[in-house]
Amino acid sequence: MIDLTSFNTASREAFTARLGPVFENSRWVAEAVWQRRPFDSVDSLHAAMMAVVRGQDEASLAAFLNAHPDLAGREAKQGTMTAESVEEQGTAGLDRLSASEVAAMDELNGKYRARHGFPFIICVRHYTRLGIFAEFRHRLLRRSDEECREALRQIAFISRYRLDALLHHEARQAVAPAA
């Protein structure tokens, strides 16, 4: 079991610095959750973070969704994605696409943004590369309100993986012998 004591007693700045990367380019989520401490479990911490996200007005939610990078898109090509996104996209081989796959991904990214107004967001850990392309094509056909709900569902998966990885990393660091 993960001990949340250090998070529950952390200053706003320390809490935000440590938990900020859980949501893509959106450290404000961690900052907003800080005042809801203490958390008795990782589940309650994650639920509070998702409640903050879901509680945003339409404009803020659109900005939040647009803080996410396109899959294998401009940020990946320029090397400006967060370390978390680089690692996640790599798990599905999106960093090793063929030239034709890159062209197809660019086309899908453009069509999706044009239709829905935000990037295609998917928890790549749940899909193969081919599954991602299939899901992209399927979700292009949906209404934007459905896609917004699906994007938030996918963000819940992504952020939970990130939160768990962060907490387990910190727990390992806490018990590691000093060098």
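Residues numbered from 1 in each chain as written. Predicted model: local features only at pLDDT ≥ 70, side-chain atom pairs only at ≥ 80, totals over all residues. Heavy atoms only, no water.

### Thoughts on helix α5 (residues 58-66)
Okay, step 1: Where α5 is concerned, the buried positions are Leu61, Phe64 and Leu65. For α5, the angular spread of buried residues about the axis comes to 95°, placing them on one side.
Okay, step 2: The distance from a side-chain oxygen at the start of α5 to the backbone nitrogen of alanine 59 is 3.2 Å, and the residue carrying that oxygen is aspartate 57. (Buried < 20%, exposed > 50% of the residue type's maximum accessible area, 1.4 Å probe, protein only. Helix = DSSP H or I, 4+ residues; strand = E, 2+ residues; numbered from the N terminus. Arc of directions from axis to C-beta. Polar contact = N/O pair within 3.5 Å; in protein donor to acceptor, adjacent residues only side chain to side chain.)

### Focus on helix α2 (residues 12-19)
Because an α-helix completes one turn every 3.6 residues, residues spaced three or four positions apart along the sequence face the same direction.
Okay, step 1: Listing the buried residues of α2 in full gives Phe15, Thr16 and Leu19. Buried positions in α2, seen along its axis, are confined to an arc of 95° and lie on one side of it.

### Details of the packing of aromatic side chains
Okay, step 1: Within the structure shown, the criterion is met by six aromatic pairs.
Okay, step 2: With centroids separated by 6.2 Å and ring planes inclined at 50°, the aromatic side chains of phenylalanine 23 and phenylalanine 64 adopt a geometry described as tilted. Placement of the pair is phenylalanine 23 in the loop between α2 and α3 (28-34) and phenylalanine 64 in helix α5, with a sequence separation of 41 residues.
Okay, step 3: Phenylalanine 23 sits in the buried class, given a relative accessible area of 2%.
Okay, step 4: Taken together, a centroid distance of 6.0 Å and an interplanar angle of 80° make the contact between tyrosine 112 and phenylalanine 136 edge-to-face. Of this pair, tyrosine 112 sits in helix α8 (residues 99-116) while phenylalanine 136 sits in helix α9 (residues 129-140); the two residues are 24 residues apart in sequence, bridging distant segments of the chain.
Okay, step 5: What makes phenylalanine 136 buried here is its relative accessible area of 0%.
Okay, step 6: When the ring centre of phenylalanine 7 is taken as reference, the NZ or CZ atom of arginine 18 above it lies at 4.0 Å.
Okay, step 7: Taking NZ or CZ as reference, arginine 125 lies 5.4 Å from the ring centre of tyrosine 161, over its face. (Phe/Tyr/Trp six-rings, centres within 6.5 Å; stacked < 30°, edge-to-face > 60°. Lys NZ or Arg CZ within 6 Å of the ring centre and 35° of its normal.)

### Here we look at the nonpolar core
Okay, step 1: The biggest cluster of nonpolar side chains holds 49 residues, and the ones touching the most others in it are Phe15 and Leu19.
Okay, step 2: Secondary structure elements with two or more residues in this core: α2, α3, α4 (42-54), α5, α8, α9 and α10 (144-175).
Okay, step 3: In terms of residues, this core owes the most to one element, α10, which gives nine residues. (Core = buried A, V, L, I, M, F, W, Y, C linked by side-chain atoms within 4.5 Å.)

### Looking at empty space enclosed by the protein
Okay, step 1: In the structure shown here, the tally under the stated rule is two cavities of 30 Å³ or more.
Okay, step 2: Listed by contribution, the elements that provide at least two residues to the lining of the largest cavity are α7 (83-91) and α10.
Okay, step 3: Of the residues contributing to the lining of the largest cavity, the split by class is nine nonpolar, three polar and four charged.
Okay, step 4: The computed volume of the second largest cavity comes to approximately 40 Å³.
Okay, step 5: If you trace the second largest cavity, you find it lined by Val22, Phe23, Glu24, His68, Ile155, Ile158, Ser159 and Arg162.
Okay, step 6: Taken together, the residues of the lining of the second largest cavity break down into four nonpolar, two polar and two charged. (1 Å grid on protein atoms, 1.4 Å probe; cavity = no way out; pocket = protein on both sides within 12 Å on 5 of 7 lines; lining within 4 Å. Points joined across faces, edges and corners; volume = space filled by probe spheres on them. Nonpolar A, V, L, I, M, F, W, Y, C, P; charged D, E, K, R; others polar.)

### A short note on the layout of surface pockets
Sizing a probe to match a water molecule and rolling it over the atoms shows the empty space that remains.
Okay, step 1: Approximately 190 Å³ is the volume found for the largest pocket.
Okay, step 2: Where the lining of the largest pocket is concerned, the elements lending two or more residues are α7 and α10.
Okay, step 3: In terms of residue count, α10 provides more of the lining of the largest pocket than any other element does, five residues in total.
Okay, step 4: Across the lining of the largest pocket, the residue classes break down as five nonpolar, one polar and six charged.

Remember, this is a structural readout, not a statement about activity or role.
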